[in-house]
Amino acid sequence: MVNQRAVNFGAGPSALPESVLEEACKGLLNFQGTGIGIAEISHRSKEFTSLLADLENNIRTQLDVPLTHKIIFTQGGGTGQFSAVVLNMLARHRLLHPNLSDEQRVMDYVLTGSWSKKAAAEAKRLGGASVHTVVDARTKSIDSKSFDGIPAHADFDFSVDPALIYYCENETVDGVQFSNDETSPASFPFHLLPTGGLWPLVADYSSSFMSRKIPRIADHAVIFAGAQKNVGPAGLTILIVRQDCIVDVDAAAQLGATPVPITMSYKTIADAGSLYNTPSTLSIYIAHLVLERSKKLGGIEYFESVNKRKAQRVYAALREGADRGFYHLKVKEGSGSWMNIVFNVLKNGDDAESKFLIGAEALGMKGLKGHRSVGGIRISLYNAITEEQTDNLVAYIKGWTTPESI
Ligand code: PLP
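Numbering of residues starts from 1 in each chain and follows the order in which that chain's sequence is written. The predicted origin of the model limits local features to residues at a pLDDT of at least 70 and limits the giving and counting of side-chain atom pairs to 80 or more, whereas totals for whole chains, interfaces and linings rest on all residues.

Draft legend 1. Geometry of the environment of E40. Secondary structure is summarised from DSSP: a helix means a run of H or I of at least four residues, a strand means a run of E of at least two, and numbering begins at the N terminus for each. Looking at the element boundaries, E40 is found in the loop between α1 (18-29) and α2 (46-63). Separated by 238 residues in sequence, E40 and T278 place their C-alpha atoms 12 Å apart.

Draft legend 2. Molecular detail of the nonpolar core. In plain words, the nonpolar core is the set of buried Ala, Val, Leu, Ile, Met, Phe, Trp, Tyr and Cys residues that C-beta atoms within 7 Å link up. Labels follow a simple rule on C-beta atoms placed from the backbone: if 20 or more others lie within 10 Å of a residue's own, it is buried; if 12 or fewer, it is exposed; otherwise it is partly exposed. Y109 and V202 are the most contacted members of the largest nonpolar core, which totals 113 residues. Both domain 1 (46-294) and domain 2 (299-405) contribute no fewer than three residues apiece to this core. Residues are treated as contacting if the C-beta atoms built from their backbones sit within 7 Å of each other. Once residues within four sequence positions are removed from consideration, V202 is found in contact with V85, M89, L164, I165, Y166, A221 and V222. For every domain, the bounds stem from an assignment made automatically or drawn from a database.

Draft legend 3. Spatial organisation of the site of the ligand. Each residue receives a C-beta atom placed from its backbone. It is near a molecule or strand if this atom lies within 6 Å of it. Residues in close proximity to the ligand include G12, G77, G78, T79, W115, C168, T172, D204, S206, S207 and G226, which together make up its full environment. Among the elements that line the shell around the ligand, the one with the most residues is helix α3 (residues 77-96), at three residues. Classifying every residue of the shell around the ligand gives two nonpolar, eight polar and one charged. For this classification, Asp, Glu, Lys and Arg are treated as charged, while Ala, Val, Leu, Ile, Met, Phe, Trp, Tyr, Cys and Pro are nonpolar and the rest, including Gly, are polar.

Draft legend 4. Local environment of the sheet that holds strand β5 (residues 164-168). In short, DSSP must find at least two bridges between two strands for them to pair. Here we have seven strands laid out as an open sheet, ordered β2-β10-β9-β8-β5-β3-β4, and mixed in their pairing. Every other strand in the sheet has two partners, leaving β2 (69-74) and β4 (130-136) as the edge strands with one partner each. Along the sheet, successive strands turn relative to each other by an average axial angle of 20 degrees, direction set aside. Pairing of strand β3 (residues 106-111) with β5 involves three bridges; the strand directions are parallel. By the bridge assignment, Y109 is partnered in β5 with Y166. Angles here are taken between N-to-C directions and fall from 0 to 180 degrees, while the axes themselves are lines fitted to C-alpha atoms, restricted in helices to the stretch in contact.

Draft legend 5. Local environment of the domain arrangement of the protein chain. The domain architecture assigned to the protein chain consists of domain 1 (46-294) and domain 2 (299-405). One C-alpha centre belongs to domain 1, the other to domain 2, and the line joining them spans 29 Å. On the side of domain 2, 23 residues touch domain 1, which itself brings 26 residues to the contact. A class-by-class count of the residues in the side of domain 1 that touches domain 2 yields seven nonpolar, 14 polar and five charged.

Draft legend 6. Looking closely at the confidence of the model for the protein chain. A score between 0 and 100, pLDDT records how confident the predictor is in each residue. Across the protein chain, pLDDT averages 96, with 98% of residues at or above 70. Complex prediction metrics read pTM 0.97 and ipTM 0.99.

Draft legend 7. Local environment of the environment of V249. Following the sequence through the fold, V249 ends up in helix α5 (residues 249-254). Accessibility expressed as a C-beta count within 10 Å gives 26 for V249, which makes it buried. Linking V249 and A91, residues 158 residues apart in sequence, is a C-alpha distance of 5.6 Å.

Draft legend 8. Spatial organisation of unusual backbone geometry. A cis amide bond links G12 to the next residue, P13, at an omega of -5 degrees. Along the chain, P13 falls in the loop between β1 (7-8) and α1. One non-glycine residue, Q32, lies in positive phi territory at about 50 degrees. Residue placement: Q32 occurs in the loop between α1 and α2. Given 16 C-beta atoms within 10 Å, Q32 falls into the partly exposed group. In this structure, M210 takes a positive phi of about 70 degrees despite not being glycine. For M210, the location among the structural elements is in the loop between β8 (201-204) and β9 (222-226). In this structure M210 comes out as buried when scored by C-beta crowding, with 27 C-beta atoms within 10 Å.

Have a look at this one:
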């Protein structure tokens, strides 16, 4: 089985650890000795509810989630949350400020890539408040049109009392990530947020969840992530929500807020222990296996150090090749993602990138094609990619720049 599997550098759904997949196969046939497979067992069975509690506990302990925040599970992916965060946070704002008109409400969006841009478009579509762009990184980019880095802190323009402040921590398509080092100019400018009070800070962590510690986790209102990068298969969406953001959306609707579909209401999900309706049982099971494995390996600290080394080695090889004109790194130094590294191959003819991909595939390395909207090459280095697999890719990147490859 191992020999037949390619190394999947795809951006998501993405590679999962083989040991987990093998274990999951057993659970598909017979879950915890019940004689019933995990895809067949009731989500209200004691075996499943205890597994769900373990998954929550694993996330809480590994990420150090404070008790001020609930961890809830839902479906609909990151895209579902583009809508849900708007509806829930607007309901919260309505309860806090019932007398403001829609025109007086504002939602702040930090645009650093394709996913935050999509989220802002959904907020505009839903209405209920105006959308204010805190900063659009394209206007600060080298060509004035690409998302190529985190803008300078001085360029962030936050509103005074927004219903939400939205950012995407890791832009999967564009390869731009906020630094986790607060002293870096590419970190999120927490120090610019108004002092005091509970910030309505919302973060999309879809493609970096569980890859390293979340800076200032306690200062967030909502953190959400689809599971299908570092945690498990698609179908599961994980939310960390501060308790004051779990509000009675029906009471807010009576005051004029947009009614919230029942499966999107954080309160409905939280009150039902994430079992208001049938959850994605199989994805939850595999996510549980993945996080049990990470716990044994040393938790988030382990993955943070491994992921850092992996990214450093790939960037170093690409920079060295870029200095000699073989590659073009699309993201400014300091803003480059640890999870998704994007670049162009410049040498070896017009079809250099196709050749690069074909060569990689011949070596069993797949999923390296850049997102269709931006082209180029994208290397995704999620938790399941090992250092050895990364080193093999690094050797290929270096090999491409030797005279024989021209
Ligand atoms: N946000 C980010 C950062 C993503 O990478 C993705 C998908 O890749 C999404 C949101 C959308 O997630 P989904 O396809 O689960 O709706």
